[in-house]
Amino acid sequence: MQKTAILSNIILSLMIVCLILPAVSEIKAETKPWQTEKQSLKIARDSLKRLEKAIKKDEFYSARCALNIWRSNAQDAGIFDPVQYDDFKKQIYQKSIGSILYWLRICINKGWIREADFWLRVYTVRSAAIDVFDQARYDRTEAEIKAKKKQIAEEKERREKQKRERKK
C-alpha cells in the first residue's frame, strides 16, 4: 500500500514537471536575452578587435577560439558575414602553416623523425582545410624525412660497428 502511494506521488510529480517544462521553455524563447541590440553590437565589435589581435599575435588554437567567439557574437548581433569569416579562417590557417613548416624544417635538421612525421600530418590537415595543400611540397618533405631516417640508421649502425671493433 505504501509503495503504491509513493509511486503515485512520483508519477504525479513527473506529470506536473512535464506540464510545466514546455511552458517555461516557451517563455524563454519568447523573451529577449538580457542584452540589448546595442550591447550585442558592442560585444561583436569587441570580439572582432580581439580576433584581429589574436590573428596577429597568438598561435593557432587561441586564434581559432577568438574566431569562434567572434562568429557567435556576430550571429547574436545579426551582423555575421560568412565571407569575412572565411577570410579570417584562411589568415589563421596560413599563419599556422608557416609555423608548421618552420617546425618541420627544424625537426628534419635535428633528426627528430617522429616529430617531423607529426608536423607533416598537421600540415596535410591544415592546408587541406583551406585548399592550399601542395602535393609536391608534401612529397619532397616526405622524401627528406625518409632520407634523414636512413642517415640516422646508417650512423647508428656505423657507431655500433665501431663499438664492436673496439671490444675485440
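Higher on the page you've got the structure.
In this numbering scheme, every chain counts its residues from 1 along its sequence in written order. Selection of residues for local features in this predicted model requires a pLDDT of at least 70, selection of side-chain atom pairs for listing and counting requires 80 or more, and totals for whole chains, interfaces and linings are taken over all residues. Just so you know, side-chain values use all the structure's heavy atoms and leave hydrogens and water out.

Quick notes on unusual backbone geometry
- Even without being a glycine, Asp 131 presents a positive backbone phi close to 60°.
- Turning to its location among the elements, Asp 131 is positioned in the loop between α5 (113-129) and α6 (135-167).
- When accessible area is computed with a 1.4 Å probe and restricted to protein chains, residues below 20% of their type maximum are described as buried, those above 50% as exposed, and intermediate ones as partly exposed. What makes Asp 131 exposed here is its relative accessible area of 71%. Numbering of helices and strands runs from the N terminus; a helix is a DSSP stretch of H or I covering at least four residues, while a strand is a stretch of E covering at least two.

Regarding the side chain of Thr 141
- Mapped onto the elements, Thr 141 comes out in helix α6.
- Any pair of residues with heavy atoms lying within 4.5 Å of one another is described as a contacting pair. Every residue in contact with Thr 141, bar those within four places of it in the chain, is listed here: Leu 104, Ile 108 and Leu 120.

Side note on the pattern of salt bridges
- One speaks of a salt bridge when a side-chain nitrogen belonging to Lys or Arg is within 4 Å of a carboxyl oxygen belonging to Asp or Glu. Per the counting criterion, the structure on display carries 3 salt bridges.
- Among the salt bridges present, the one from Glu 144 reaches Arg 105, with a minimum N-O distance of 2.5 Å. Remark: Arg 105 occurs in helix α4 (residues 82-110) and Glu 144 occurs in helix α6; sequence separation between them is 39 residues.
- By relative accessible area, Glu 144 is classed as partly exposed at 30%.
- Here Glu 157 ties to Arg 164 by a salt bridge, and the two come within 3.6 Å at their closest N and O atoms.

What to know about α6
- Helix length check: α6 (33 residues) gives 48 Å between terminal C-alpha atoms against 48 Å at 1.5 Å per residue, within 8%.
- Among the residues of α6, those classed as buried are Thr 141, Ile 145 and Lys 148.
- Where α6 is buried, its residues touch α4 and α5.
- Here α6 starts with a cap whose side-chain oxygen sits 3.2 Å from the backbone nitrogen of Ala 136, and that cap is Asp 134. An expected span of 1.5 Å times one less than the residue number is assigned to each helix. Contacts described as polar in this section are N or O atom pairs within 3.5 Å, which, within protein, must combine one atom able to donate a hydrogen with one able to accept it, while residues neighboring in sequence count only if both atoms come from side chains.

Comments concerning the packing of aromatic side chains
- When the centres of two rings from Phe, Tyr and Trp lie within 6.5 Å, Trp using its six-membered ring, the rings pair. Their planes under 30 degrees apart give stacked, over 60 give edge-to-face, and anything left gives tilted. Within this structure, the stated rule accounts for 9 aromatic pairs.
- Here Tyr 123 and Phe 133 contribute two aromatic rings whose centre-to-centre distance is 5.9 Å and whose plane-to-plane angle is 40°, an arrangement assigned as tilted. Note that Tyr 123 is positioned in helix α5 and Phe 133 in the loop between α5 and α6, a separation of 10 residues in sequence.
- For Tyr 123, a relative accessible area of 2% corresponds to the buried category.
- By relative accessible area, which is 29% here, Phe 133 ends up partly exposed.
- A centroid spacing of 5.7 Å and a plane angle of 50° characterise the contact between Phe 133 and Tyr 138, whose relative ring orientation is tilted.
- Here the aromatic cluster, defined as three or more aromatic residues joined through ring pairs, consists of Trp 70, Phe 80, Tyr 85 and Phe 88.

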